[in-house]
Amino acid sequence: MSQAPPAAAEPAHRQLGMTDDEYHSVVGILGREPRPAELAMYSVMWSEHCSYKSSRMHLGRLPSSAPWVVVGPGENAGVVDLGDGWLAALRIESHNHPSFVEPYQGAATGVGGILRDIFTMGARPIAVWDPLRFGHLDDAPNRYLFGGVVSGIAGYGNAVGVPTLGGEVEFADPYAANPLVNVMALGLLRRDQLVLSAASGAGNIAVLLGAATGRDGIGGASILASASFDEESGSKRPSVQVGDPFEEKRLIEACLELYGRGLVVGIQDLGAAGISCATSESAANGGMGMDVDLDSVPVREDGMTAGEILMSESQERMLAIVEPEALPEVVAVAAKWEVNASVIGTVTEGGTLRVRQHGELVAELPAASLSDDAPKYDRAVARPGYLDELWAAGITEAAPGDAAEVLLALLDDPALGDRSWIYQQYDHQLFLNTVVEPGHDGSLLRIKGTDKALAVSTDGDGRRCYLDPRRGAARLVMESALNVAVTGTRPYAVVDNLNFGNPEKPEIMWQFIETIAGMTEACEQLGVPVIGGNVSFYNETAGVDIYPSPVVGMLGFADPMPPAPPRLDRAASGMEIWLVGPRDVADFAASAYSRVVLGRLDGRPAPTDPELGPAVIATATGLAHLLPVLHDISSGGLGVALAEIAIASAIGLAIDDIGWSELWSEGPHRFLAVAEPGTLPALEVPAERIGLIGGASLDFGRHGAVDLTTATREWRAAIPRRMS
Amino acid sequence: MKVAVVVFPGTNCEYDVAHALDLIGVDAELVFHQETNLSGFDAVVLPGGFAHGDYLRTGAIARFSPIMGPVTAMAAAGAPVIGICNGFQVLCEAGLLPGALVANRDLSFICKPVHLQVESARSALTAAVAPGAVLRIPLNSYEGNYVAAAETVGALEANGQVLFRYCDDSGAVSESANPNGSMGNIAGICNDAGNVAGLMPHPERAVEAVLGSTDGIRLLQSIPTFAALVANPR
């Protein structure tokens, strides 16, 4: 019996995550078989993570223009005009798969990466937010991931010297094997400091700044971020990068000093796809080419191949384009901040990227082909079969019960309870801008030396989007807008992080396209542009996809800032409680009540209202300049929103006669206003007085009462009791 | 009066300290750690952050930065030398203050407002405050847990060198009001002469009502007050 022939080795391009068709496109572009380094470059740049090949044709539907948009989608960060020469830069990213493989470093390098996107634009990063999703904390592996991610964000963010102003957190089964770690950063700059990534001027020099290049993170974009997980994923640990916040801090200060002295023509950060991406994008954006010498790249170990150096995702590196005369001063500034600076290339005419190693040409290709010629897929779409059954099963009212029992169960839920266990590990005060800190609907930052203020909220709701991605996404945009409105700002710009499962499944593409539709509708109704975003596909482990999980980052802007912005802790005895917005929407689909009390996820979420939604948001922005407390009603409904005010203000309240279902329903476009009697002005949207602040309990009348001390204790313990 | 605010690589509170000093009318200037001369300055603040990445140990590398030569000379000459958070850690590591700051009792970073009981007015951080005052000041640290040999703590106590203790909002010093496990709830101390002083919480984060507290003003105001007292003893 003859031995079976050995299985043919998988072709190199497939090992790099590239399809046969994509490989043939490369051959077509080059007119020959690619060299190994060239194949490595195309494989990373054409990965889902870098090329958006499954999403690109749909993303164009999102509205992205407004008179105040300075830089829209496509650059490292979106930029908006705040007047008087001030600009704000905003960007969101995901670090989902790296954080599952190694939670501390995955989350830490996510922070590092997003900060580079911001200071690449010329802005000083002034704040970070972290929207997070995990499996339930009752299971030890989820606690390990959650604790590790929070430590990683704290460890990197605090040390790099940029405050973390919050985020949001959700716990659900589908995230157990695929947690979501998103990160958003905000930067502030003067208009004349804006820097773009184009490399212009033949003869200009490409200077690599920052850390040495190692084998860490090789193929992070193509292997980790652009494929689904299976039982073997633990072996992908070497693909996770390791962060050094001190290197990044020095890099920030060095770059800001270089910009301040006018020494930089263009700059690009090195993130996914490392040197491949930075050199080709800089050259292509400027319509130029570049000659790159890999022997000039400082490396951490000997024997690295050209492909490894080009693909490495080692952290804390930037590629600056400078004029030859400026080089000595650039080197001196870098030396002051103890940052390595190495000349690795020259800008050339003609659009060709040439890479040499040991004197040999290892790559020669059209720089623009790495991005412009990337594949674009119109993937198959199919409405998921699960929807009809789930919609039909939904409930329209809450079963009779006791307010104390329901409220205490909800307050003990880790997604509804006190989140200070998370944000007290983050420096959220640095730079003296934080007027409203984490723990409120939106955080509010003043801009020192002006009357201007920015508010930020991040919002996601995988369950609601699972039940109806279009309505769910529209609800998210409206909720996020209301969150920044109750701080006294008006919704000004959106960034979105679209976390989805495997796009090769038609049902996942349906969820994705419906989400885009819902976000588009709501943003258009509000007149808010989407200035940037990120798509994270393949959030699938062992065939199980996550809930469709768009995350909205909303920037609000006020000029002037309210004299005393509303806070949850400013309610005082005798003040009236008003419910502003519609009263009669029964909406239990994906409600906290359904989940925590009934253990069910079904029904169809109520739609947004194209007129009332924007009107309620505008009303909130106006009232925030007059009243002490405004609070969005969202997860947990009216009951939890009332409890949050009472707990924060350490005073009870009494509610007039109110329907039992209305306490727990989660219909959109509603907020609470707390006002001294007679001070609520006439409004153009429905508003009704529903109770009074005072006493030592949460008194819901005929539905029962809860002692405030007990409610506070349960709420405070929700996360710590599970994590200790 | 002119105050030098020292910037090590990794320092991040330098602008905040300069902003706060400016608000109370004190002239402040950022000075890079490679400077070897502080002539023309009347006081020094080592601000918070992560000097040299806190690598090896908080303050362990910063103590060798060139600026520490003139800082030590100013300390010996009786000028106010203040360390806030990481700056306090650097002063301890440099031997200008006794003891050390180690990881918090619960091994997690703590960022939240705390209450401090002022114990002594004999320092460049407390000269403008009445002993017994209770202040609300933000804490922001991982290594904020003050430790020292028992006889060192005894000497500090006996000599009135304990400046602040963590307490509750009524001023009661208790274990439950101790956020990080510090010995004796100690949040800040000074040297024998009172001119070198360090504390873990951040007074510069409590100088404007819009940010939640103005209690830090009196601490920073103590720097010029103390300098004037030294120049013109009562």
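Model, not experiment: these values are computed from the prediction.

On to the overall build of chain B, then. Helix and strand counts for chain B stand at five helices and 11 strands. Its C-alpha atoms give chain B a radius of gyration of 16 Å, within 12% of the compact-globule value 17 Å for 234 residues. Projected onto its principal axes, the C-alpha coordinates of chain B cover approximately 45 × 40 × 40 Å. Within chain B, the fraction of its 234 residues that count as buried is 58%. Contacts in chain B between residues at least 24 apart in sequence constitute 76% of all its contacts with a sequence separation of at least 6. Total accessible area computed for chain B in this model is approximately 8,200 Å², and 53% of it derives from carbon and sulfur atoms. Considering chain B, the positive charge centre built from 11 side chains and the negative charge centre built from 21 side chains are found 4 Å apart.

When helices and strands are counted, chain A shows 26 helices and 28 strands. Counting only C-alpha atoms and orienting by the principal axes, one finds that chain A spans roughly 85 × 75 × 45 Å. Burial status across chain A gives 64% buried among its 724 residues. Excluding contacts between residues fewer than 6 apart, the proportion of contacts in chain A whose partners are at least 24 apart in sequence is 85%.

With 100% of its residues at a pLDDT of 70 or more, chain B has an overall mean of 97. We note a pTM of 0.95 for the whole complex and an ipTM of 0.96 for its interfaces.

Residue and element names in this part refer to chain A. For helix α10 (residues 245-260), with 16 residues, the first-to-last C-alpha span of 22 Å sits near the 22 Å given by 1.5 Å per residue. Counting buried positions along α10 gives 15 out of 16 residues, so the element sits mostly inside the fold. For α10, the N-terminal cap is D244; the gap from its side-chain oxygen to the backbone nitrogen of F246 is 3.1 Å. Directly beyond the C-terminal end of α10, a positive phi value near 65° is found at G262.

The subject of this paragraph is the interface of chain B and chain A. Chain B puts 27 residues into the contact, and the matching count from chain A is 27 residues. Carbon and sulfur atoms make up 61% of the surface buried where chain B meets chain A, a total of about 2,300 Å² over both sides. Counting across the interface, chain B meets chain A through two salt bridges. Note that R446(A) is salt-bridged to E208(B), the shortest N-O span being 2.7 Å. Between the two partners, chain B and chain A, sit eight residue pairs in polar contact (both at pLDDT 80 or more). Only α1 (14-23), β6 (110-118) and β7 (134-141) of chain B provide two or more residues apiece to the side of chain B that touches chain A. Its residues assigned to classes, the side of chain B that touches chain A comprises 13 nonpolar, nine polar and five charged.

So, on to unusual backbone geometry. Along the chain, D559(A) connects to P560(A) via a cis peptide bond; the corresponding omega equals 10°. Here P560(A) is to be found in the loop between β21 (549-558) and β22 (576-580). Positive phi, close to 55°, is recorded for C85(B), a residue that is not glycine. One can find C85(B) in the loop between β4 (81-84) and α3 (86-93). Despite not being glycine, L107(B) shows a phi value in the positive range, around 55°. Turning to its location among the elements, L107(B) is positioned in the loop between β5 (100-102) and β6. By relative accessible area, L107(B) is classed as exposed at 58%.

Residue and element names in this part refer to chain A. As a packed pair, helix α7 (residues 103-119) and helix α8 (residues 140-160) sit with axes 7 Å apart at the nearest point and diverge in direction by 40°. Judged on the interaxial angle alone, α8 and α7 are oblique. The chirality of how α7 crosses α8 is right-handed. Here P103, Y104, A107, A108, V111, G112, L115 and R116 of α7 lie close against α8, whose contacting residues are Y144, L145, G148, V149, S151, G152, I153, G155, Y156, G157 and V160. Split into classes, the residues belonging to the contact of α7 with α8 amount to 12 nonpolar, six polar and one charged.

Moving on to the pairing of strand β5 (residues 164-171) of chain A. Residue and element names in this part refer to chain A. Where burial is concerned, most of β5 is hidden: seven out of the eight residues are buried. For strand β4 (residues 124-134) and β5, the ladder comprises six bridges, and the chain directions are parallel. Counted as the bridge partner of F134 is F171 from β5. A crossover links β4 with its parallel partner β5, the connecting element being α8, and its sense is right-handed.

A few words now on the environment of T346(A). Residue and element names in this part refer to chain A. One can find T346 in strand β11 (residues 341-348). Given a relative accessible area of 33%, T346 falls into the partly exposed group. In the structure, T346 is positioned 140 residues away from A206 in sequence and 5.7 Å away in space, judged by C-alpha atoms.

All names here are of chain A. For the structure on display, the rule yields 55 salt bridges over all chains. A salt bridge links D656 to R689, with the shortest nitrogen-to-oxygen separation between them at 3.5 Å. Placement of the pair is D656 in the loop between β24 (653-655) and α24 (660-664) and R689 in strand β26 (residues 687-693), with a sequence separation of 33 residues. A residue is classified by how much of its surface remains accessible, and D656, at 34% relative accessible area, is partly exposed. For R689, a relative accessible area of 34% gives the class partly exposed. Within the structure, one salt-bridge network assembled from shared partners comprises R133, E168, E170 and R463.

Cut-offs and rules
- Residues numbered from 1 in each chain as written.
- Chains lettered and ligands numbered in written order.
- Predicted model: local features only at pLDDT ≥ 70, side-chain atom pairs only at ≥ 80, totals over all residues.
- Heavy atoms only, no water.
- Helix = DSSP H or I, 4+ residues; strand = E, 2+ residues; numbered from the N terminus.
- Rg over C-alpha atoms; globule rule 2.2 N^0.38 Å.
- Buried < 20%, exposed > 50% of the residue type's maximum accessible area, 1.4 Å probe, protein only.
- Contact = heavy atoms within 4.5 Å.
- Areas by Shrake-Rupley, 256 points an atom, 1.4 Å probe, with all protein chains shown as cover.
- Lys, Arg positive; Asp, Glu negative; His and termini not counted.
- Charge placed at Lys NZ, Arg CZ, Asp CG, Glu CD.
- pLDDT = per-residue confidence, 0-100.
- Expected span 1.5 Å × (residues − 1).
- Polar contact = N/O pair within 3.5 Å; in protein donor to acceptor, adjacent residues only side chain to side chain.
- Buried area = accessible area lost by both parts, 1.4 Å probe.
- Salt bridge = Lys/Arg side-chain N within 4 Å of Asp/Glu carboxyl O.
- Nonpolar A, V, L, I, M, F, W, Y, C, P; charged D, E, K, R; others polar.
- Axes fitted to C-alpha atoms, helices over the stretch in contact; angles between N-to-C directions.
- Parallel < 35°, antiparallel > 145°, perpendicular 65-115°, else oblique.
- Left-handed = near helix turned anticlockwise from the far one by under 90°.
- Pairing = 2+ DSSP bridges.
- Right-handed = clockwise from strand over helix to strand, strands pointing away.

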